[in-house]
Amino acid sequence: MIILGIDPGLAIVGYGVIEAQKGAFRPIDCGVINTPKEDTVPVRLNKIYDGMLSLIERFKPDCIAIEELFFNTNITTGINVAQARGVVLLACQQKGLKMYEYTPLQIKQALTGYGKAEKKQIQFMVTRLLNLKAVPKPDDAADGLAVALTHGQTARLGGLFGIR
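Residues numbered from 1 in each chain as written. Predicted model: local features only at pLDDT ≥ 70, side-chain atom pairs only at ≥ 80, totals over all residues. Heavy atoms only, no water.

Time to look at the overall build of the protein chain. Scanning the protein chain from terminus to terminus reveals 5 helices and 5 strands. Along its sequence from the N terminus, the protein chain presents helices and strands in the succession β-β-β-α-β-α-β-α-α-α. The globule rule puts the C-alpha radius of gyration for 164 residues at 15 Å, and the 15 Å found for the protein chain is close to it. Seen through its principal axes, the protein chain has C-alpha atoms that stretch 40 × 35 × 30 Å. Across the 164 residues in the protein chain, those meeting the buried criterion constitute 45%. A separation threshold of at least 6 residues defines the contact pool for the protein chain, and within that pool the share at least 24 residues apart is 62%. Entry remark: accessible area of the protein chain is about 8600 Å², with carbon and sulfur atoms responsible for 53%. Between the centroid of the 19 positive side chains of the protein chain and the centroid of its 15 negative side chains there is a distance of 5 Å. (Helix = DSSP H or I, 4+ residues; strand = E, 2+ residues; numbered from the N terminus. Rg over C-alpha atoms; globule rule 2.2 N^0.38 Å. Buried < 20%, exposed > 50% of the residue type's maximum accessible area, 1.4 Å probe, protein only. Contact = heavy atoms within 4.5 Å. Areas by Shrake-Rupley, 256 points an atom, 1.4 Å probe, with all protein chains shown as cover. Lys, Arg positive; Asp, Glu negative; His and termini not counted. Charge placed at Lys NZ, Arg CZ, Asp CG, Glu CD.)

Spelled out as structure tokens, the structure:
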């Protein structure tokens, strides 16, 4: 099963692509979709949409795993991230992908067994589970892999996390 993991954002969308087979994971690719802050929000959303379509075409994933939003104190930033997440979901829906969503707490629990794990602990586990030589950079790419791994770890429970 090819899983495309997404860490949504307006400035940076992190992605990770893995193959999950019988409890073993193989990294395929990871990276980011960047949008310049000088562009208007509609232009940035269009770049994210086009970037997602390109990823789907390139990797032909069986499903997408996406991180749910967690709003902190800056509601304006949260709204922009929600718009970017919506564009990601739209692209995946139009391509007929099965979609699953995970909270930051669920991702931390799936990878470390502790829901309040720190970013470095998550990055360590991503590196270990995928037998990588170093932590993927930038952090958003590592986060995309973490989301994909979370789905790989919990796929047998997929019905609980499905959104399509």
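That covers the picture; the talk isn't over yet.
Glancing now at the side chain of T127. Take T127: it is sitting in helix α4 (residues 119-129). Taking the relative accessible area as the measure of exposure, T127 reaches 12% and is therefore buried.

This part takes up the pairing of strand β4 (residues 63-67). Burial analysis of β4 places 5 of its 5 residues in the buried class, which makes it a mostly covered element. Neither face of β4 is open: one carries C63, A65 and E67, the other I64 and I66, and all of them are buried. Relative to β4, strand β1 (residues 2-7) runs parallel, the two sharing 4 bridges. In the strand pairing of β4, I3 is matched with C63. (Pairing = 2+ DSSP bridges.)

In this section: helix α1 (residues 41-59). Across its 19 residues, α1 extends 27 Å between first and last C-alpha, which sits within 8% of the 27 Å expected from 1.5 Å per residue. Inspection of α1 places R44, L45, I48, Y49, G51, M52, L55, I56 and F59 among the buried residues, and these make up the whole buried set. The arc that holds the buried residues of α1, viewed along the axis, is 165°, so those residues lie on one side. Exposed residues lying more than 90 degrees from the buried face of α1 are P42 and R58. Residue K60 follows α1 closely and has a positive phi angle near 45°. (Expected span 1.5 Å × (residues − 1). Arc of directions from axis to C-beta.)

Next up on the list: the packing of α4 against helix α5 (residues 139-154). One way to put it is that α4 packs onto α5 with a least axis distance of 10 Å and a crossing angle of 65°. Classified by the angle between their axes, α4 and α5 sit roughly perpendicular to one another. By crossing handedness, the relation of α4 to α5 is classed as left-handed. On the side of α4, the interface is formed by K119, I122, Q123, V126 and L129, while α5 contributes D139, A142, D143, L145, A146, L149 and Q153. (Axes fitted to C-alpha atoms, helices over the stretch in contact; angles between N-to-C directions. Parallel < 35°, antiparallel > 145°, perpendicular 65-115°, else oblique. Left-handed = near helix turned anticlockwise from the far one by under 90°.)

Burial within strand β2 (residues 12-21) is extensive, with 7 of its 10 residues counted as buried. In the sheet, β1 pairs with β2 via 6 bridges, with the strands oriented antiparallel. Within the sheet, the bridge partner assigned to I3 lies in β2 and is I18. Taken together, β1 and the strand that follows it, β2, pair antiparallel across an intervening segment of 4 residues. Bridge analysis of β2 against strand β3 (residues 24-34) gives 10 bridges, and the strand direction is antiparallel. Its bridge partner being in β3, A20 is matched across the sheet by F25. Hairpin remark: β2 followed by β3, antiparallel, with 2 residues in the connecting loop; positive phi at K22, about 55°.

Nothing here speaks to function; it is geometry throughout.
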